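# An overview of the molecular structure
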Amino acid sequence: PSDPTNDPNRFPPPPSRPLPTESPTRRHPSICGDPGGDERALSGGRHARGSPAMMAVRAHGQRSRLRRLIPRVLLLLFAAYAVSSAIYLLLQPRHPSPPDPIPRTDARDGARAAPSSQKPWPRLPSFLPWATGPAPPPHTCEAYFGNGFSHRVEVLTARGGAGGWFRCHHSETLGSSICEGARVRLDPARIAMSRGGEPLEKVMGRAEEEELPKYVPGALQVEGPAAGRTAPLVDAGFLNAYVPTNGIGMHKMRALLESARVVPPGELHCSQWVEEPTLLVTRFEYANLFHTITDWYSAYVSSRVTDLPNRPNVLFVDGHCKAQLEQTWEALFSSVTYAKNFSGPVCFRHAILSPLGYETAMFKGLSESFSCEGASAQSLRGKPDYEKTARLSEFGEMIVASFDLLRDDIMSSKKSNGINVLFVRREDYLAHPRHSGKVESRLSNEREVFDAIDKWAKGLKCKVNVVNGRFAHMTMKEQLRAILEASVVIGAHGAGLTHLVSATPDTKVLEIISSMYRRPHFALISQWKALEYHAINLQGSYARTTDVISELSNILTGLGC
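Residues numbered from 1 in each chain as written. Predicted model: local features only at pLDDT ≥ 70, side-chain atom pairs only at ≥ 80, totals over all residues. Heavy atoms only, no water.

Attention now goes to the nonpolar core. In terms of nonpolar packing, the biggest core is built from 64 residues, with Phe 145, Trp 296 and Met 362 touching the most fellow members. With nine residues, the single largest contributor to this core is helix α8 (residues 289-305). When residues of this core are assigned to domains, at least three fall in each of domain 1 (141-365) and domain 2 (414-558). Not counting residues within four places of it along the chain, the set of residues in contact with Met 362 comprises Phe 145, Phe 290, Ile 293, Thr 294, Tyr 297, Leu 392, Val 501, Ile 525 and Trp 528. Residues Ile 191, Val 222, Tyr 242 and Leu 356 belong to the second largest nonpolar core, which totals 38 residues. (Core = buried A, V, L, I, M, F, W, Y, C linked by side-chain atoms within 4.5 Å. Buried < 20%, exposed > 50% of the residue type's maximum accessible area, 1.4 Å probe, protein only. Helix = DSSP H or I, 4+ residues; strand = E, 2+ residues; numbered from the N terminus. Domains from an automatic or database assignment. Contact = heavy atoms within 4.5 Å.)

This paragraph deals with the pattern of salt bridges. The full count for this structure, using the stated rule, is 21 salt bridges. The salt bridge involving Arg 283 is made with Asp 318; its shortest N-O contact spans 2.9 Å. You can see Arg 283 sitting in the loop between β11 (278-281) and α8 and its partner Asp 318 sitting in the loop between β12 (313-316) and α9 (326-332), a full 35 residues away along the chain. Salt bridges sharing partners connect three or more residues here, namely Arg 152, Glu 154, Arg 167 and Glu 180. (Salt bridge = Lys/Arg side-chain N within 4 Å of Asp/Glu carboxyl O.)

Within this structure, the stated rule accounts for four disulfides. For Cys 168, the disulfide goes to Cys 179, at an S-S distance of 2.1 Å. Looking along the S-S bond of the Cys 168-Cys 179 disulfide, the torsion reads about 105 degrees, which is the right-handed sense. Here the residue Cys 168 occupies a position in strand β2 (residues 165-171), and Cys 179 occupies one in strand β3 (residues 176-182), the gap between them amounting to 11 residues. Linked covalently through their sulfurs, Cys 270 and Cys 347 form a disulfide whose S-S length is 1.8 Å. Where Cys 270 bonds to Cys 347 through sulfur, the torsion about that S-S bond is close to -70 degrees, and the disulfide is left-handed. Taken together, the positions of Cys 270 in the loop between β9 (261-263) and β10 (272-274) and Cys 347 in strand β14 (residues 346-348) put the pair 77 residues apart, joining distant regions of the chain. Classification of Cys 270 by relative accessible area gives partly exposed; the value is 26%. The disulfide pattern of the chain is 1-6, 2-3, 4-5, 7-8 when the bonded cysteines are numbered in sequence order. (Disulfide = S-S within 2.5 Å.)

This next bit is on empty space enclosed by the protein. Gaps between atoms show up when a probe of the same size as a water molecule is rolled over them. Evaluation of the coordinates by the stated rule reveals five cavities of 30 Å³ or more. As for the largest cavity, its lining consists of 15 residues, and the residues nearest its centre are Phe 149, Leu 174, Ser 298, Val 301 and Thr 360. Among the secondary structure elements, those contributing two or more residues to the lining of the largest cavity are α4 (141-145), β3 and α8. With four residues, the single largest contributor to the lining of the largest cavity is α8. Of the residues belonging to the lining of the largest cavity, the class tally is nine nonpolar, five polar and one charged. (1 Å grid on protein atoms, 1.4 Å probe; cavity = no way out; pocket = protein on both sides within 12 Å on 5 of 7 lines; lining within 4 Å. Points joined across faces, edges and corners; volume = space filled by probe spheres on them. Nonpolar A, V, L, I, M, F, W, Y, C, P; charged D, E, K, R; others polar.)

Written as structure tokens, this is what we have:
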């Protein structure tokens, strides 16, 4: 309702009266100064009713009453506003920060959180549950590739369902841990490293040491019990037991945990809160496809082990420049940013520390001997076998689905358009600020071998398409599509063959191996994916075209050509 004091009809002005013809009398002095002057003035005498003096007295009285009423109305309005404000504040949460995730005490099979702005997980044909069922025995195939992170270590527990918490999931098999927490703060000012994310051409010559983080104590903080003081989150004994160096000279995730401090409630000062679950990732060989795929796999496993309902954000805790492979990080996860992009301390509702790519089964398998064979998810659903795995196939499907290539039309075109032989080429490209742009040749007569295969294939009765796999000049989506459509993948030992993780189960592999690069990377990936694998071991780096064509001919015969 409108303010009654603004109603023009509430206090109407006195009616207009004609002025008397006699000269106006002087105003009685008691009207303004004597409290009894009104009565005397209104008792008769010269100031009769209706005279100008009388009208002035009446107007003055009305103004006096109005002046006394306005403060009362304003006081009433202020009181109403104060009461309504108090009720509003009482109904708001006590903390300005977002609500904390409730720590899980058991597995949530199929549980899903409220609607999120993050990307949902795609439906993967080879997916097998991660957070349910018994833990695989240590040092088995499933313990290496699946959820071997079965030993949960509570570092901080939430008090009364509120406040921060922190825990680590340890894998005895891999000797590493996936750690996660709530009400976690990262302070970029306490991390010495380059900004990160710059265009490559603007940072040429920058030293690698500038790009790797160095932490000051308190770079990571977690809100904990009210101890009244700041204290280390973990001690050296904990780090040695659950986050050992594993021979890694610069174990940056261990260093981040070493810098972590527990702060009392109310001391977690943040310039920004991130609501959605976020992976903290530190990369080393970020421009190499093989090593980047180990980082992707570690991030994927971390997301599944912690049972995230959607694809998390990724925060790079490093200062590397923007590389071509960053496009795939953005496709795989909900968002990607760099720690130094934040202008002040940033707090996370839920943060997960992803282990280094060097600590994954894909990398450890190069030096550790363990029995592991690839198998279809369908066969393992019917008959679980801890010495077999479909995890690498599941992960390959995750990459393919992130580029919208997990479609039936691509699979059908592979069978209807002849046999595709994909020759993965090694080409010069500028990888990082310390790179010359020249790649080392693993097959000295690569062009000669490609041309010979192409000419030979054109004379076959069956239709064979030799695809020139110049990956350095193709987008990631184009590279993946070429792998999916290939019946045979051939090439010299090189990072481009790591795309075999996304190959279909019926793909055949032919690797040409120089005597200077006899390494098991792609033989192992083929084994873990259950792909048919063939190798030609060279003396030096020169391949006789007749030897390559002979081996390829045997493979095509098996395909009915």
